Each structure stands twice: as C-alpha cells, then as structure tokens.
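Examining the three-dimensional arrangement
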Amino acid sequence: MCLGIPGQIIEITDSARLMAMADVSGVRREVSIACVAPAELETLVGEWALIHVGFAMSVIDEEEAQKTLEALRGLGEAQETLEAMAQGDAALEEQHEIR
C-alpha cells in the first residue's frame, strides 16, 4: 500500500526543475511539484499537497490535510500498540518455555 503524507508547500526552491520545499509534520523536505505545477508556481506556496516518495501528487485543502494527518497519527498509535502487544506475547511465550 502506498501512502501520501500531507505536506504544506512553503517555498519554490528551483522553478526550472519544478522543485519546492514542503513542511511535512515539522520536517522540511524538497519535493518535485511537476505533477501539480500550475502556470504560476508561486500560487502553490501555502497550499497543501499529498506527498509520496518526494513527489507532490495532488493538491488538497487544509481540512483534508488535517484529517489525514490525524488518521495517520492514529494508525501510528495503533501500530505502536500492536507492536507492544506482540512484544508482550513474545515475552510471555519465552517465560512459558523457560518453565
């Protein structure tokens, strides 16, 4: 499964190469905006986009971006819980085998 992570375009870094700086949950990354580039690149500054493997794949509105980020945080928490449960189960199995 491929996930696009919402990021906000904060600066056009190289208009000739269609590159921009995006803020993805506080982490800044340079991304290609070739897939979403309008005639006036500067209009992308401040916009939200779904970013996947260094490419802005589609422009989304801020509400959708926030909902997606919230869902991803929830998935992260669920994953951490599942990993903790798996570690707990493994520890119980080890103790059971020792006895």
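Heads up: the structure comes first, above all this text.
Residues numbered from 1 in each chain as written. Predicted model: local features only at pLDDT ≥ 70, side-chain atom pairs only at ≥ 80, totals over all residues. Heavy atoms only, no water.

**As for the overall build of the protein chain**
Along the protein chain, the regular secondary structure elements total one helix and five strands. Ordered by position in the sequence, the α and β elements of the protein chain form the string β-β-β-β-β-α. Accessible surface for the protein chain amounts to roughly 7,000 Å². Of this, 53% is attributable to carbon and sulfur atoms. (Helix = DSSP H or I, 4+ residues; strand = E, 2+ residues; numbered from the N terminus. Areas by Shrake-Rupley, 256 points an atom, 1.4 Å probe, with all protein chains shown as cover.)

**Some words on the nonpolar core**
Membership of the largest hydrophobic core comes to 13 residues, with the highest contact counts inside it found for Ile9, Ala22, Val31 and Ile33. Counting residues per element, this core draws most heavily on strand S2 (residues 19-24), at three residues. Non-local contacts of isoleucine 33, meaning those with residues more than four positions away in its chain, are made with Ile9, Ile12, Leu18, Met19, Ala20, Leu41, Leu44 and Ala56. (Core = buried A, V, L, I, M, F, W, Y, C linked by side-chain atoms within 4.5 Å. Buried < 20%, exposed > 50% of the residue type's maximum accessible area, 1.4 Å probe, protein only. Contact = heavy atoms within 4.5 Å.)

**Description of the pairing of strand S5 (residues 55-60)**
In terms of strand pairing, strand S4 (residues 48-52) meets S5 through five bridges, oriented antiparallel. Across the sheet, the residue bridging to histidine 52 is phenylalanine 55, located in S5. Turn length for the S4-S5 hairpin, with the two strands adjacent in sequence and antiparallel, is two residues, and the turn residue valine 53 shows positive phi of about 45°. (Pairing = 2+ DSSP bridges.)

**Some remarks on the environment of isoleucine 9**
Here isoleucine 9 lies in strand S1 (residues 5-14). Excluding anything up to four places from it in sequence, isoleucine 9 contacts Ala20, Met21, Ala22, Val31, Ile33, Leu44, Val45, Gly46 and Glu47.

**Description of unusual backbone geometry**
For serine 25, which is not glycine, the phi dihedral falls at a positive 50°. Look at valine 53: it is not a glycine, yet its phi comes out positive at around 45°. Looking at where valine 53 falls in the secondary structure, it is placed in the loop between S4 and S5.

**A closer look at a nonpolar patch on the surface**
A contiguous nonpolar patch, built from Val53, Phe55 and Met57 and spanning about 300 Å² of accessible area, is present on the exposed surface. Take methionine 57: it is sitting in strand S5. Methionine 57 sits in the partly exposed class, given a relative accessible area of 44%. (Patch = residues over 30% accessible without salt bridge, like charges linked within 9 Å, V, L, I, M, F, W, Y side chains within 5 Å. Salt bridge = Lys/Arg side-chain N within 4 Å of Asp/Glu carboxyl O.)

**Some words on the pattern of salt bridges**
Under the definition given, this model contains two salt bridges. For the salt bridge of aspartate 14 with arginine 17, the shortest nitrogen-to-oxygen distance reads 3.3 Å. In this structure, glutamate 63 engages lysine 67 in a salt bridge whose closest nitrogen and oxygen atoms are separated by 3.2 Å. Taken together, the residues span about one helical turn, with glutamate 63 and lysine 67 both in helix H1 (residues 62-98) at a distance of four residues. For glutamate 63, a relative accessible area of 53% corresponds to the exposed category. Judged by relative accessible area, which is 52%, lysine 67 ranks as exposed.

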